[in-house]
Structure formats: structure tokens, C-alpha cells
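Coordinate analysis (summary)
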Amino acid sequence: MNISITKTTNPKQKPDQNDLGFGQYFTDHMFIMDYTEGKGWHDPRIVPYAPLELDPSCMVLHYGQAIFEGLKAYKTSKGEILLFRPEKNMERVNSSNDRLVIPRIDVDFGVKAIKELVKVDVDWIPDAPGTSLYIRPFIIATDPYLGVRPSNTYKFIIILSPVGAYYKEGINPVKIYVESNYVRAVKGGLGYAKTVANYASSLKAQVEAKHSGYTQVLWLDGIEKKYIEEVGTMNVFFKIDGEIITPSLEGSILPGITRMSTIELLKKSGIPVTERRISIEELYAAHAAGKLDEAFGTGTAAVISPIGEFNWNENSITVNEGKIGPVASKVYETITGIQSGDMEDAFGWTQKVL
Ligand SMILES: *Cc1c(COP(=O)(O)O)cnc(C)c1O
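Residues numbered from 1 in each chain as written. Predicted model: local features only at pLDDT ≥ 70, side-chain atom pairs only at ≥ 80, totals over all residues. Heavy atoms only, no water.

You'll find the protein chain entered in an unreviewed UniProt entry as Branched-chain-amino-acid aminotransferase, with Ruminiclostridium hungatei given as the organism. Here the protein chain is described in UniProt, under the heading Sequence similarities (unreviewed entry), as follows: "Belongs to the class-IV pyridoxal-phosphate-dependent aminotransferase family." In its Cofactor (unreviewed entry) section, the UniProt entry covering the protein chain states "pyridoxal 5'-phosphate". (UniProt positions renumbered as here; feature names shortened; annotations may be inferred.)

Below, the structure is given as C-alpha cells:
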């Protein structure tokens with residue numbers, strides 16, 4: 001399929017590179033492709049960024065049949081533009097699509113669409129250290145119909161947002177509230193798919209945690225509220241008595257690409273990672289025994305987010321004196337080094353756009 005390109009005649013003023021924040025500014029163009037039952041995905045196009053016109057009865061607005069992705073384009077010091085494992089994001093699109101009965105998208109075509117759009121808006125990619133162009137592909141159900149069933153029409157859209165350095169003032173470990181009231185997902189539900197509904201269900205807990213002075217919520221399993229699942233928008237890792245542990249993916253945890261990369265990276269450097277169930281009691285017992293050496297989250301936005309404190313049922317523990325530990329540091333340096341082109345990509349993780 002050929003992607004048609006219509007350029008804007010009215011380019012926007014670009015924001016100050018030092019004050020980008022996250023997800024506040026959008027580039028001049030977007031990618032759109034339609035799906036119609038019987039016709040498949042069709043009419044891929046890059047057009048000026050603009051509001052969408054949707055029928056008020058369109059299904060996504062009522063039943064939340066929508067999925068999304070998040071990845072970044074990085075400008076290297078040599079001026080090259082790199083993507084980090086974009087095929088993994090497109091594979092995950094299809095896994096999310098399958099769960100929500102949305103038709104699949106060809107992985108190579110999806111990666112091509114991302115690259116073409118990034119090329120059109122290449123001037124929007126910031127180059128200050130730590131900055132990048134955040135890429136948000138998403139799919140919405142568009143049938144104008146109020147009955148409950150999967151839609152017969154969809155839109156696959158990609159928008160771009162220049163974002164600032166996540167750690168402007170150095171890496172500061174976050175404080176995490178262990179949620180034992182609300183749940184995010186259960187096995188058999190949507191937890192492993194990147195759906196908008198997962199975030200809708202997380203907001204209440206997030207607001208309450210923020211109100212109490214915590215950055216994010218650590219989710220426990222939805223049935224026993226005993227086993228650790230993940231943190232807000234990140235997967236989670238622990239170093240206990242020298243062993244790196246991350247919760248195994250059993251259907252309710254989002255399989256993060258940063259999680260996968262962290263496991264592959266550590267394994268390659270001779271540090272095994274155990275994927276298994278780990279309870280919050282075990283974590284607190286390890287801390288009491290002086291064996292909880294490190295805790296950190298992994299996700300595209302921050303790459304690595306060290307955790308300095310947990311609060312579970314009003315019982316607070318501090319990890320590694322509230323400082324980033326050596327394993328988190330090593331993973332952070334290596335992944336961001338590969339993304340920025342400053343380190344050799346021995347894994348073949350990056351793809352060149354330009
Ligand atoms: C996207 C996401 C992650 C992190 O995935 P990455 O591919 O590493 O960015 C973790 N948890 C949830 C709930 C997510 O939505």
C-alpha cells in the first residue's frame with residue numbers, strides 16, 4: 001500500500017526544546033488509515049494534524065474499543081534518526097487487537113507508516129540531551145451504532161509529540177503506594193493488552209496515591225491482592241539477595257518492551273533474571289532481612305525509574321537509602337546509550353529512519 005502525503009500549508013511554531021515536558025505539543029502531521037469490513041485496511045495517508053470528525057454515536061466513545069502504543073524516535077549526535085524495536089510495538093498492537101476483536105495490521109506496514117510520518121516531521125525531533133519524539137499509534141472503533149458488538153470500521157492513527165528529558169535534574173527514585181483496595185486487571189481481562197480501558201480503571205487509585213504524596217501505584221494481583229504485578233505505566237524489577245526478579249507474565253501484566261530488553265541485556269552480561277510470582281509479603285520480608293538491594297520500574301517514557309520507597313498498608317520501607325542502585329544504573333546507561341546512538345547496538349535493536 002502506498003502512503004499518500006498531504007503537507008500542511010500552515011506549519012506551527014515549534015516549542016522551546018528546554019521546556020517540552022511530556023505529551024503537550026504535537027507536530028504538523030498525522031498518519032491515518034481506515035478499516036472497513038470486507039475491504040480491509042485502506043487509504044493510508046499522512047495529512048496535516050487536525051481534530052477528528054467523529055459521529056457522537058461512534059462506538060469507541062461508548063464502549064472503549066480502543067488500543068494504543070508508545071515508542072520514541074531519537075536523534076543521535078551524528079544526526080541520524082533511530083527507532084527502538086518498533087516491530088515489537090507493532091506486534092503488540094496485534095496482540096492488543098486480538099483481545100479487543102480489532103482487525104490486525106501488517107507489522108512491516110505499521111513500522112513503515114511510523115517511519116514515513118517521522119520523516120515528514122523530522123524537523124520536530126528535538127536534539128537536546130535526553131529529549132526525543134514520542135510516537136503514539138492508536139486504533140479506535142468508529143461505527144455510528146449504540147448496540148454492543150465489535151465495530152465494523154476503525155481508524156488507525158499515529159500522532160507525534162516532542163518530549164523533554166525525563167530526568168532533567170538527575171535520576172531521583174520515586175515513592176510508590178502499594179494499592180490494596182483498587183485493582184487494575186485480572187487474568188482473563190485486559191491486563192496484557194495496551195487498552196485505554198486499563199488506564200480508565202487506574203485513575204482513581206493514581207489520584208489517591210498522588211494526594212498522599214506518592215508518584216505512582218504498585219498494583220497487586222486482582223484476586224488475592226498478594227502478588228506484585230506492575231507499577232502504573234511500568235513493569236517492575238527487584239534485586240533480592242543478589243538475584244534479579246520480575247513478576248512473570250501471567251495474563252494480567254502488560255508485557256513491556258523495556259522489560260523484555262532489560263531481561264535480554266542482563267542475561268547477556270551474565271546476570272540471570274528470574275521471572276516468577278513474588279508476593280508483597282516476600283518483598284517486605286526481604287527488606288526486613290536487609291536483602292532488598294534494589295527496586296526499579298521499566299517503561300518507554302523513563303526507561304528506568306528507580307524506586308526509593310514503598311508504602312503498603314501505612315507501612316513504609318526505604319530501598320537502597322533512596323538512591324539508584326548499580327543494576328538500575330547499568331541498564332539505564334546501556335539502553336539510553338543504544339537509543340541515543342552513543343553505544344554500539346550489539347543487539348540490533350535500533351532501526352534507522354534517516
Ligand atoms: C506501556 C506499558 C508498560 C511499559 O511498556 P514498554 O513497552 O516498556 O513501554 C508497562 N505497563 C503498562 C500498564 C503499560 O501500559
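Now, onward.
Another point: the site of the ligand. Neighbouring the ligand are 15 residues, the closest being Lys 194, Tyr 199, Glu 230, Thr 258 and Thr 300. Thr 300 has a polar side-chain atom sitting 2.6 Å from an oxygen atom of the ligand. Its free accessible area being 380 Å², the ligand has 96% of it covered by the protein chains. Classifying every residue of the shell around the ligand gives four nonpolar, seven polar and four charged. (Near = heavy atom within 4 Å. Polar contact = N/O pair within 3.5 Å; in protein donor to acceptor, adjacent residues only side chain to side chain. Areas by Shrake-Rupley, 256 points an atom, 1.4 Å probe, with all protein chains shown as cover. Nonpolar A, V, L, I, M, F, W, Y, C, P; charged D, E, K, R; others polar.)

For the rest of this paragraph, the subject is the domain arrangement of the protein chain. You can read the domains of the protein chain as domain 1 (4–163) and domain 2 (174–340). Centre-to-centre separation of domain 1 and domain 2, based on C-alpha positions: 27 Å. Opposite the 21 residues of domain 1 that make contact, domain 2 presents 22 residues. Of the roughly 1900 Å² buried where domain 1 meets domain 2, counting both sides, 62% is carbon and sulfur surface. Among the residues domain 1 hides against domain 2, the three largest losses belong to Phe 68, Arg 92 and Arg 99. Together they make up 34% of the total. One salt bridge connects Arg 85 with Glu 264, and the closest N-O pair in it is separated by 3.2 Å. (Domains from an automatic or database assignment. Contact = heavy atoms within 4.5 Å. Buried area = accessible area lost by both parts, 1.4 Å probe. Salt bridge = Lys/Arg side-chain N within 4 Å of Asp/Glu carboxyl O.)

To continue, consider the pairing of strand β9 (residues 174–179). Where β9 lies against strand β16 (residues 303–312), five bridges are found, and the strand directions are parallel. If you follow Ile 176 over to β16, its bridge partner there is Phe 310. With four bridges connecting them, β9 and strand β10 (residues 216–220) associate as parallel partners. The partner of Glu 179 across the bridge, within β10, is Trp 219. Note that the unit made of β9, helix α4 (residues 196–211) and β10 has a crossover that is right-handed. (Pairing = 2+ DSSP bridges. Helix = DSSP H or I, 4+ residues; strand = E, 2+ residues; numbered from the N terminus. Right-handed = clockwise from strand over helix to strand, strands pointing away.)

With that out of the way, let us pick up the side chain of Asp 28. In this fold, Asp 28 is placed in the loop between β1 (4–5) and β2 (29–36). In this structure, Asp 28 is buried with no salt-bridge partner, the nearest side chain bearing the opposite charge being Lys 12 at 4.8 Å. In terms of polar contacts, Asp 28 uses its side chain to reach the side chain of Trp 124, at 3.2 Å. In contact with Asp 28, not counting residues within four places along its chain, are Thr 8, Pro 11, Lys 12, Val 47, Pro 48, Tyr 49, Asp 121 and Trp 124. (Buried < 20%, exposed > 50% of the residue type's maximum accessible area, 1.4 Å probe, protein only. Lys, Arg positive; Asp, Glu negative; His and termini not counted.)

Once that is clear, we can look at helix α5 (residues 257–268). Spanning 12 residues, α5 covers 16 Å between terminal C-alpha atoms, matching the ideal 16 Å at 1.5 Å per step. Considered for burial, the residues of α5 that qualify are Ile 257, Thr 258, Arg 259, Ser 261, Thr 262, Ile 263, Leu 265 and Leu 266. Where α5 ends, the next residue or the one after it, Gly 270, has phi of about 80 degrees, a positive value. (Expected span 1.5 Å × (residues − 1).)

Trans is the prevailing form of peptide bonds, just as negative phi is the prevailing case for residues other than glycine. Even without being a glycine, Asn 313 presents a positive backbone phi close to 50 degrees. Checked against the element boundaries, Asn 313 lands in the loop between β16 and β17 (315–318). Unusually for a residue other than glycine, Asn 320 sits at a positive phi of about 50 degrees. Considering the arrangement of structural elements, one finds Asn 320 in the loop between β17 and α7 (326–339).

Further remarks concern the packing of helix α2 (residues 86–99) against helix α3 (residues 107–120). Working note: a packed helix pair is described by the angle between its axes plus the distance between those axes. Here α2 crosses α3 at 125 degrees, and the two axes come no closer than 9 Å. Classified by the interaxial angle, the pair formed by α2 and α3 is oblique. In this structure, α2 crosses over α3, and the sense of that crossing is right-handed. In this structure, α2 uses Pro 86, Glu 87, Met 90, Glu 91 and Asn 94 to contact α3, whose residues at the interface are Val 107, Gly 110, Val 111 and Ile 114. (Axes fitted to C-alpha atoms, helices over the stretch in contact; angles between N-to-C directions. Parallel < 35°, antiparallel > 145°, perpendicular 65-115°, else oblique. Left-handed = near helix turned anticlockwise from the far one by under 90°.)

Overall, the coordinates contain 15 salt bridges when judged by the stated rule. Here Glu 69 and Arg 92 are joined by a salt bridge, their closest N and O atoms 2.8 Å apart. Separated by 23 residues along the polypeptide, Glu 69 in the loop between β4 (66–68) and β5 (71–75) and Arg 92 in helix α2 bring together distant segments of the chain. For the pair formed by Glu 69 and Arg 92, the shared burial category is buried. For Lys 119, the salt bridge goes to Glu 116, with nearest N and O atoms at 3.4 Å. Of this pair, Lys 119 and Glu 116 both sit in helix α3, three residues apart, which is roughly one turn of that helix. A relative accessible area of 34% places Lys 119 in the partly exposed class. Each of Asp 34, Arg 45 and Lys 155 takes part in salt bridges that share partners, so that together they form one network.

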